[in-house]
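# Summary of structural features
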Amino acid sequence: MSKINVIGAGTWGMALARMLCRNGHEVKVWSALPEEIEQLKTTRRQKNLPDMVIPEEIIFTDRIEDFCEGDNLFLFAVPSVFVRNTAHRLAPYVKEGQIIVDVAKGIEADTLMTMSEIIHSEIPQAGVVALSGPTHAEEVAKDLPTTIVSASPNQALAEQVQRIFSNSVMRVYTNIDIKGVELCGALKNIIALAAGISAGLGYGDNTKAAIITRGLTEMARLGMKIGCLPETFSGLAGMGDLIVTATSTHSRNNKCGTLIGKGVAPEEAVKQVGMVVEGINALPAAMALSRKYDVEMPITEAVNAVVNEGKKPSDAVHELMEREMKTELPKPIFLMNNQ
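Predicted model, so just to flag it, every value in this text is computed and none were measured.

### A few points about the overall build of the protein chain
The number of helices and strands found in the protein chain is 17 helices and eight strands. Taking 20 Å as the expected radius of gyration for a compact globule of 339 residues, we find that the protein chain reaches 20 Å, a close match to that expectation. The buried share among the 339 residues of the protein chain stands at 53%. When contacts within the protein chain are restricted to residue pairs at least 6 apart in sequence, long-range pairs at least 24 apart make up 70% of them. When the accessible area of the protein chain is evaluated, it comes to approximately 15,600 Å², of which 53% is carbon and sulfur surface.

What follows is the structure, encoded as structure tokens:
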């Protein structure tokens, strides 16, 4: 049994808190919002997971100093834009060697740091693991079979988190390529926005399949330039998470994209979704990484043009389809077979 402090009381934080409690661990949940804590204490329901009953054993608090007592494992489940500030607040209370598991997905626009890099920069005394994969909170809350990846360059640390989170409905794999896992978690949300936009425009399965496939190519192309492992992009954190985010009715990014494709302004689309849309937050960093590493990412560029530059979605699609003709193969293979 472990003592686990969950930082963030959103859908993913609460779905994991419930699961970890059912695994036999002691679980506390912290939120910066006193009214949210009071609502959770009183109703034992998360507002966006109304059918999930929160176990009575889970303790709630809005006092971070009380929350940090003991040698607990910390689970970061706050939106990516709040990770640095939250880590800074937590830093004085974290002991040497304590484990922090991050489930937020994003890249900081100003520094181009992943979430684990941000946490490590603010809390260097902790060991940080990224937990990522095709895992909608709505299904984890119902104990539906799910797989996820525990990523850390320290294999022993990844395996420790694997043991804590594994059960009969949550199968956890390990991966030493934490950078690749986190890059996938951020970029797949942008491709899911594109898939939603195509649906909002009235396009069909052919279009969605093209976006998912070529979007994964963009993700892997950037990852290879950065030094990530190719297997990560064909695995659960890459292909798996991209498929579920680009196709599921639970996906905030897919919903937001669909609204944008139907003509709703991006700001209004985010409001209508009613929750954080991480694909919108990831766009500035994705564009900066594309420029920094000189990697062609046409789908990402098209989404950015629609969301941040006011381009009509239909015009963006037309420009993508009219790009110069190319081979699907990497250039070395193409050239070798044409000598």
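### Some points on helix H8 (residues 178-200)
Think of an α-helix as 3.6 residues a turn; residues three or four steps apart then line up on the same face. When the terminal C-alpha atoms of H8 are compared, their 34 Å separation across 23 residues agrees well with the 33 Å that a helix rising 1.5 Å per residue should span. Of all the 23 residues making up H8, 21 are buried; the element is thus mostly covered by neighbouring parts of the structure. One or two steps after H8, the chain reaches Gly-202, where phi turns positive at roughly 95 degrees.

### Focus on the packing of H8 against helix H14 (residues 278-292)
Interaxial distance between H8 and H14 falls to 8 Å at its minimum, and their mutual angle equals 110 degrees. Between H8 and H14, the crossing angle belongs to the class labelled roughly perpendicular. H8 and H14 meet at a crossing whose hand is left-handed. Residues Leu-183, Ala-186, Leu-187, Asn-189, Ile-190 and Leu-193 of H8 touch H14, and the partners they reach there are Glu-278, Gly-279, Ile-280, Ala-282, Leu-283, Ala-286 and Leu-289. Classifying every residue of the contact of H8 with H14 gives 10 nonpolar, two polar and one charged.

### Describing the pairing of strand S1 (residues 3-7)
Burial runs high along S1: four of the five residues are buried. Pairing of S1 with strand S2 (residues 26-30) involves five bridges; the strand directions are parallel. Opposite Val-6, over in S2, you have Val-29 as the bridge partner. Examined bridge by bridge, S1 and strand S4 (residues 73-76) share four bridges and lie parallel to one another. Directly across from Ile-4, in S4, lies its bridge partner Leu-73.

### Structural notes on helix H11 (residues 236-247)
Within the sequence span of H11, burial applies to Ala-237, Gly-238, Gly-240, Asp-241, Leu-242, Val-244, Thr-245 and Ala-246. Considering only its buried residues, H11 is in contact with strand S6 (127-132), strand S7 (146-151), H8, helix H9 (205-226), helix H10 (230-233) and helix H12 (252-261).

### A closer look at the pattern of salt bridges
Going through the model one piece at a time under the given rule, you end up with 11 salt bridges. The salt bridge involving Asp-241 is made with Lys-188; its shortest N-O contact spans 3.6 Å. Placement of Asp-241 in helix H11 and of Lys-188 in helix H8 is noted, with a sequence separation of 53 residues between them. You can call Asp-241 buried: its relative accessible area is 1%. Owing to a relative accessible area of 5%, Lys-188 belongs among the buried residues under this scheme. Among the salt bridges present, the one from Lys-311 reaches Glu-319, with a minimum N-O distance of 2.8 Å. Lys-311 gets classed as partly exposed once you look at its relative accessible area, which sits at 28%.

### A short note on the environment of Gly-180
Along the polypeptide, Gly-180 turns up in helix H8. Other than its neighbours up to four places away in sequence, Gly-180 contacts Cys-228, Thr-232 and Phe-233.

Procedures and definitions
- Residues numbered from 1 in each chain as written.
- Predicted model: local features only at pLDDT ≥ 70, side-chain atom pairs only at ≥ 80, totals over all residues.
- Heavy atoms only, no water.
- Helix = DSSP H or I, 4+ residues; strand = E, 2+ residues; numbered from the N terminus.
- Rg over C-alpha atoms; globule rule 2.2 N^0.38 Å.
- Buried < 20%, exposed > 50% of the residue type's maximum accessible area, 1.4 Å probe, protein only.
- Contact = heavy atoms within 4.5 Å.
- Areas by Shrake-Rupley, 256 points an atom, 1.4 Å probe, with all protein chains shown as cover.
- Expected span 1.5 Å × (residues − 1).
- Axes fitted to C-alpha atoms, helices over the stretch in contact; angles between N-to-C directions.
- Parallel < 35°, antiparallel > 145°, perpendicular 65-115°, else oblique.
- Left-handed = near helix turned anticlockwise from the far one by under 90°.
- Nonpolar A, V, L, I, M, F, W, Y, C, P; charged D, E, K, R; others polar.
- Pairing = 2+ DSSP bridges.
- Salt bridge = Lys/Arg side-chain N within 4 Å of Asp/Glu carboxyl O.

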